[in-house]
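Breakdown of the fold
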Amino acid sequence: MMYPFSSYEAYIERYKMFWSEEGDGRPPILSETEFRKKFQLLKESYRTYWEMLRGGQESEAAHYYLNVINPLENELAIADGADNFLLDDENQ
């Protein structure tokens, strides 16, 4: 069954695929509450990232992506969340 990208069920499915092998760096499975908070944080982080890019701060944006967005995406088992938040950001 396909769930919306932002659902907890979709996260669990992605986690099982993304982190299929145990090993170093594998984050623990988030509770549903933790997932929702981190997903919202990721959405807000993308907004900040795009504001930096629009403001001509390419170097700062790259650093922000590497140190804020990428670790959140790893925790949420998301390969690239940009497409999922682009429309939200553009409509604001």
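Our subject is the structure that appears above.
Report follows, based on the coordinates. Owing to the predicted nature of the structure, the values given are computational and were not obtained by experimental measurement.

1. Observations regarding the environment of L30
Examined against the element boundaries, L30 turns out to sit in the loop between α1 (8–18) and α2 (32–54). Separated by 18 residues in sequence, L30 and I12 have C-alpha atoms that sit 8.8 Å apart. L30 has contacts with Y8, Y11, F35, K38, E75 and L76, leaving out every residue within four places of it along the chain.

2. So, the packing of α1 against α2
Two quantities define a packed helix pair, namely the angle between the helix axes and the distance between the axes. The interhelical angle for the contact between α1 and α2, taken along N-to-C directions, is 95 degrees, at an axis separation of 10 Å. As judged from the angle between their axes, α1 and α2 are roughly perpendicular. Contact residues: Y8, Y11 and R14 in α1; E32, F35 and R36 in α2. In terms of residue class, the contact of α1 with α2 is built from 3 nonpolar, no polar and 3 charged.

Quick notes on the rules
Residues numbered from 1 in each chain as written. Predicted model: local features only at pLDDT ≥ 70, side-chain atom pairs only at ≥ 80, totals over all residues. Heavy atoms only, no water. Helix = DSSP H or I, 4+ residues; strand = E, 2+ residues; numbered from the N terminus. Contact = heavy atoms within 4.5 Å. Axes fitted to C-alpha atoms, helices over the stretch in contact; angles between N-to-C directions. Parallel < 35°, antiparallel > 145°, perpendicular 65-115°, else oblique. Nonpolar A, V, L, I, M, F, W, Y, C, P; charged D, E, K, R; others polar.

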